[in-house]
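Inside the fold
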Amino acid sequence: MLNIRRNAENGKALFALEGRLDTVTAPDLEQALKETLEGVTELTLDMEKLEYISSAGLRVLLAAQKKMNKQGKMKLIRVGETILEIFEVTGFNEILTVE
Amino acid sequence: MGTRQIIVPLSGRIDSGNAAATERQILEQLGPGEAVSPVLDAEKLEYISSAGLRVILHLKKRNPGLRITNVSSQVYEILEMTGFTEMMPVEKAWKVVSVEGCEVIGEGFKGRVYRIDRDTVVKTYKNADALEEIRHEREVARLALILGVPTAISYDVVRVGDSYGSVFELLNARSFAKILAEEPERMDWCVKEYVDLLKKVHSIVVPRGKLPSGKEQALIFVRRVKECLPEGYGDKLERMVQEIPESDHMIHGDYHTKNIVLSGDEVLLIDMDTLAVGDPIFELEQMYNSYLGFSAYNPQIVKDFQGFDRETAEAFWKKSLRAYLNTADEGKAEAAEERIRCISYADLIDWKRRYSDLADEEDRETLALWTRELIRLLDKVDSLDLRPFMEERAGGDELEVEASGGNLARVQAFVEECLKTAGCSLKTQMHIGVAVEEIFMNIAEYAYAPGKGSAIVRVEVSGSPAAAVITFIDRGTPYDPLARTDPDVSLPAEEREIGGLGVFMTKKLMDDVAYEYRDGQNILTLKKQL
């Protein structure tokens with residue numbers, strides 16, 4: 001179960017994620033990003049309500065980061081402690097901008 | 001204390017037209033000074049506007065002990081909507097119910113249960129001031145339901161004669177006591193359902209401060225009982241109770257076969273007023289008493305109370321205890337029972353001394369018997385820790401499913417359920433979740449490709465502090481996922497590879513990960529301290 005709320009205007013996009021980002025739900029986020037990122041220069045992911053992330057979720061974040069590196073910036077806000085720890089273990093805190 | 005209670009009747013409508021005058025009248029009736037607890041009797045109050053509510057606010061500011069009683073449902077709705085019911089005690093006007101001539105369908109220590117119409121029952125209380133008790137029971141029953149205990153909740157409180165009652169929907173239900181009395185051949189089924197529900201209740205972690213502590217309650221009666229024991233015995237018992245660790249896990253507090261009912265195919269737990277938190281021993285001691293302790297001197301007591309004889313009670317208790325401890329080892333079960341009975345007898349002795357004047361020969365003999373037994377046990381027992389006698393289920397819990405991505409949620413739910421009793425943190429739960437996902441998805445995607453096959457997931461929790469061992473077994477292509485080189489996690493995004501990350505995370509998040517290929521099976525084992 002992953003709930004994605006998205007809001008995009010004037011080249012800025014905000015995605016608020018709620019629930020689990022795993023093998024089952026990662027394709028949903030991938031699809032949502034694909035539909036939205038065209039022309040976006042600033043992508044913000046609000047992680048406050050994200051409870052769980054597995055490598056499948058990290059892969060989608062990595063792909064998004066790579067894409068945004070080409071067309072603008074991406075940042076993650078309100079990242080919870082448990083999720084942050086996963087980023088640290090995998091070195092993702094070095095490649096993602098976590099605020 | 002020291003405040004005077006003054007009852008002020010309110011009537012008709014209070015709105016902007018008469019609010020100021022009403023306030024003056026009320027203040028006159030209250031007189032000067034703050035040492036007054038006003039009770040606004042709203043029996044005849046039909047309507048109150050915001051101007052009227054402000055009058056109440058002023059009064060509340062002047063006399064913080066303000067209460068409102070006898071509030072009709074229309075006015076209650078206004079008070080509830082505006083938050084007044086949170087700010088001050090507001091008591092609804094109770095519907096009056098007569099139970100005269102109604103069928104009595106149950107009788108307990110505290111009161112009777114009457115059937116007032118086809119689908120409604122009222123549980124009445126003997127004591128005139130039962131309101132607090134009813135409120136408490138409603139509140140804890142609601143809490144239990146929210147936390148996942150299948151139970152019945154009363155939906156209204158009514159006035160019955162001089163006391164109060166709570167209204168329940170009539171469940172088309174049979175108690176386990178009745179089932180055991182009428183269909184003794186269902187004993188083993190009853191034991192299983194009874195113990196499954198008990199374990200479920202005990203697995204629930206209750207937020208701090210919501211329920212009383214079973215240990216505190218036991219310490220109270222243990223201290224009172226000290227004076228009937230020889231020098232040193234009481235201190236030893238108190239010390240052993242003191243040493244039982246505090247626990248946030250729920251206990252029911254009166255878990256016997258009349259409080260477990262079968263409604264359709266659902267097993268429900270009722271009578272929630274004794275709900276507490278604590279070590280399972282505080283539940284088991286009362287269970288022992290329900291079946292054997294109370295009737296130790298006079299076997300007829302259990303027959304009168306439960307409806308089945310003492311032999312049945314003993315068999316049911318013994319089977320249930322063994323099922324609860326997960327042990328078939330008689331020595332262990334008996335040793336656990338001795339520890340449990342130390343608290344059981346103290347509880348019984350205290351209860352008898354408080355509720356009986358001991359004028360009766362039988363009461364005196366019973367008390368003497370319990371005291372002798374307690375002293376004998378205290379000579380033998382040195383700890384009340386039950387953990388040494390509880391065994392994990394042989395081989396742990398196991399699930400076999402088709403190895404496919406569609407089954408991931410099922411596997412995750414299964415593992416979570418197994419870990420629930422161990423009470424592990426959300427963080428550890430997530431770490432285990434990540435590892436389980438990676439390993440199971442690996443099997444699902446590669447082990448049998450392009451064909452299909454099954455995977456076994458086994459969870460064992462053991463030790464203290466508890467550790468989980470999760471084993472994945474498949475009969476697919478031999479493959480050691482751990483042999484893969486770890487990805488370089490220091491590379492920038494552009495150079496990062498997507499593969500290998502899952503296994504790497506698993507290694508990092510678990511305390512130990514091991515692989516072996518044996519008898520045609522890939523066996524991957526995860527270990528994690530909980």
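Please read all numbers here as calculations on a predicted model, not as lab measurements. (Residues numbered from 1 in each chain as written. Chains lettered and ligands numbered in written order. Predicted model: local features only at pLDDT ≥ 70, side-chain atom pairs only at ≥ 80, totals over all residues.)

Turning next to the overall build of chain B. The number of helices and strands found in chain B is 17 helices and 20 strands. A fraction of 70% describes how many contacts in chain B between residues 6 or more apart in sequence connect residues 24 or more apart. (Helix = DSSP H or I, 4+ residues; strand = E, 2+ residues; numbered from the N terminus. Contact = placed C-beta atoms within 7 Å.)

Regarding its fold elements, chain A presents four helices and four strands. For chain A, the α and β elements follow one another from N to C terminus as β-β-α-β-α-β-α-α. Within chain A, the fraction of its 99 residues that count as buried is 39%. (Buried ≥ 20, exposed ≤ 12 C-beta atoms within 10 Å, placed from the backbone.)

Turning our attention to the environment of A:Phe87. Residues and elements named next belong to chain A. For Phe87, the location among the structural elements is in helix α3 (residues 81–89). Taking the C-alpha atoms as reference points, Phe87 and Val98, separated by eleven residues in sequence, lie 9.5 Å from one another. For Phe87, the residues in contact, after removing those within four places along its chain, are Phe92, Asn93, Leu96 and Val98.

Attention now goes to the sheet that holds strand β18 (residues 467–474) of chain B. Residue and element names in this part refer to chain B. As summarised here, the arrangement of the five strands in space is β16-β17-β18-β20-β19, forming an open sheet in which the pairing is antiparallel. Edge positions in the sheet fall to β16 (397–402) and β19 (512–518), since each of these pairs with one other strand and no more. Each strand axis lies, on average, 15 degrees off the axis of its neighbour in the sheet, ignoring direction. Across the sheet, helix α15 (residues 408–420) lies against β16, β17 (454–462) and β18, angled at about 15 degrees from β17, the strand it touches most. Running at roughly 10 degrees to β18, helix α16 (residues 426–447) makes contact with β17, β18 and β20 (521–529) of the sheet. (Pairing = 2+ DSSP bridges. Axes fitted to C-alpha atoms, helices over the stretch in contact; angles between N-to-C directions.)

The subject of this paragraph is α15(B). In an α-helix, one full turn covers 3.6 residues, which means residues spaced three or four apart are oriented alike. The end-to-end C-alpha distance of α15(B), which contains 13 residues, comes to 18 Å, matching closely the 18 Å that a straight helix rising 1.5 Å per residue would cover. At its buried positions, α15(B) is contacted by β16, α16, β17 and β18 of chain B. (Expected span 1.5 Å × (residues − 1).)

Turning to the sheet that holds strand β10 (residues 163–169) of chain B, a few remarks are in order. Hydrogen bonding along the main chain pairs the strands of a sheet, whether they run parallel or antiparallel. Residue and element names in this part refer to chain B. Spatially, the six strands line up as an open sheet ordered β5-β9-β10-β8-β7-β6, and their pairing is mixed. The open sheet has two free edges, formed respectively by β5 (95–96) and β6 (103–107), since each of these has just one partner strand. Sheet topology note: the β6/strand β7 (residues 112–117) ladder contains four bridges and is antiparallel. Considered in β7, the bridge of Glu103 is made with Arg115.

This brings us to the interface of chain A and chain B. Counting from both sides, the interface comprises 18 residues of chain A and, opposite them, 23 residues of chain B. Those elements giving two or more residues to the side of chain A that touches chain B turn out to be α2 (55–71), α3 and α4 (92–95) of chain A. If one sorts the elements of the side of chain A that touches chain B by residue count, α2(A) sits on top with seven residues. When its residues are assigned to classes, the side of chain A that touches chain B shows six nonpolar, eight polar and four charged. (Nonpolar A, V, L, I, M, F, W, Y, C, P; charged D, E, K, R; others polar.)

Let's shift gears to the pairing of strand β1 (residues 2–9) of chain A. Residues in a regular strand project their side chains so that they alternate between the two faces of the sheet. All names here are of chain A. In the sheet, β1 pairs with strand β2 (residues 12–21) via eight bridges, with the strands oriented antiparallel. Its bridge partner lying in β2, Arg6 is registered against Phe15. Once β1 ends, the chain turns through two residues before running back antiparallel as β2, passing Asn10 with a positive phi of about 50 degrees.

Soluble, globular proteins show a tendency: their nonpolar side chains are buried together. Residues A:Leu21, B:Val415, B:Ala435, B:Val436, B:Phe440 and B:Ile443 are the most contacted members of the largest nonpolar core, which totals 62 residues. Top element by residues in this core is α16(B). It accounts for eleven residues. For A:Leu21, the residues in contact, after removing those within four places along its chain, are A:Leu2, A:Ala26, A:Leu29, A:Leu50, A:Tyr52, A:Ile53 and A:Gly57. Core analysis: the next-biggest nonpolar cluster, separate from the first, contains 61 residues, B:Ala141, B:Cys190, B:Ala276 and B:Trp370 among them. (Core = buried A, V, L, I, M, F, W, Y, C linked by C-beta atoms within 7 Å.)

Our focus in this paragraph is the confidence of the model for chain B. When pLDDT is averaged across chain B, the result is 89; 98% of the residues are at 70 or more. Both scores are given for the predicted complex: the pTM is 0.57, the ipTM 0.86. (pLDDT = per-residue confidence, 0-100.)

Take the packing of helix α13 (residues 330–355) of chain B against helix α14 (residues 361–380) of chain B next. Angle between the axes and distance between the axes are the two parameters that describe a pair of packed helices. All names here are of chain B. Closest axis-to-axis distance for the α13/α14 pair is 9 Å, and the angle between their directions is 150 degrees. α13 and α14 meet at a crossing whose hand is left-handed. In contact with Glu338, Arg341, Cys342, Tyr345, Ala346, Leu348, Ile349 and Lys352 of α13, α14 contributes Asp363, Thr366, Leu367, Trp370, Thr371, Glu373, Leu374, Leu377, Leu378 and Lys380. Among the residues forming the contact of α13 with α14, the class breakdown is ten nonpolar, two polar and six charged. (Left-handed = near helix turned anticlockwise from the far one by under 90°.)

Residue and element names in this part refer to chain B. Taking 1.5 Å of rise per residue, 17 residues should cover 24 Å, and helix α7 (residues 187–203) covers 24 Å from first to last C-alpha, within 8% of that figure. Listing the buried residues of α7 in full gives Cys190, Val191, Tyr194, Leu198, Val201 and His202. Considered in projection along α7, the buried side chains sweep an arc of 100 degrees and stay on one side of the axis. Taken together, the buried residues of α7 touch α6 (176–182), β12 (250–251), β13 (260–263), β14 (266–269) and α12 (310–325). (Arc of directions from axis to C-beta.)

Attention now moves to the pairing of strand β3 (residues 42–53) of chain A. Residues and elements named next belong to chain A. Here β2 pairs with β3 via nine bridges, running parallel. Within the sheet, the bridge partner assigned to Arg20 lies in β3 and is Tyr52. Viewed along the sheet, the connection from β2 through helix α1 (residues 26–36) into β3 turns out right-handed. The β-α-β motif built from β3, the intervening α2 and the parallel element strand β4 (residues 73–77) has right-handed crossover chirality. (Right-handed = clockwise from strand over helix to strand, strands pointing away.)

Attention shifts here to the environment of A:Lys34. Along the chain, A:Lys34 turns up in helix α1. Residues A:Lys34 and A:Ala64 lie 30 residues apart in sequence; the distance between their C-alpha atoms is 8.9 Å.

Residues and elements named next belong to chain B. Where helix α8 (residues 214–225) contacts helix α9 (residues 233–243), the two axes come as close as 9 Å, and the packing angle between them is 175 degrees. Comparing their axes, α9 and α8 come out roughly antiparallel. In this structure, α8 uses Lys215, Ala218, Leu219, Val222, Arg223 and Val225 to contact α9, whose residues at the interface are Gly234, Leu237, Glu238 and Val241. Here the residues of the contact of α8 with α9 are counted per class, giving six nonpolar, one polar and three charged. (Parallel < 35°, antiparallel > 145°, perpendicular 65-115°, else oblique.)

Let us now look at unusual backbone geometry. Residue and element names in this part refer to chain B. Here the residue pair Ala449 and Pro450 is connected by a cis peptide bond, since its omega of 0 degrees sits within 30 degrees of zero. With respect to the helices and strands, the residue Pro450 is situated in the loop between α16 and β17. One non-glycine residue, Asp271, adopts positive backbone phi at about 60 degrees. As for its placement among the helices and strands, Asp271 is situated in the loop between β14 and β15 (276–277).

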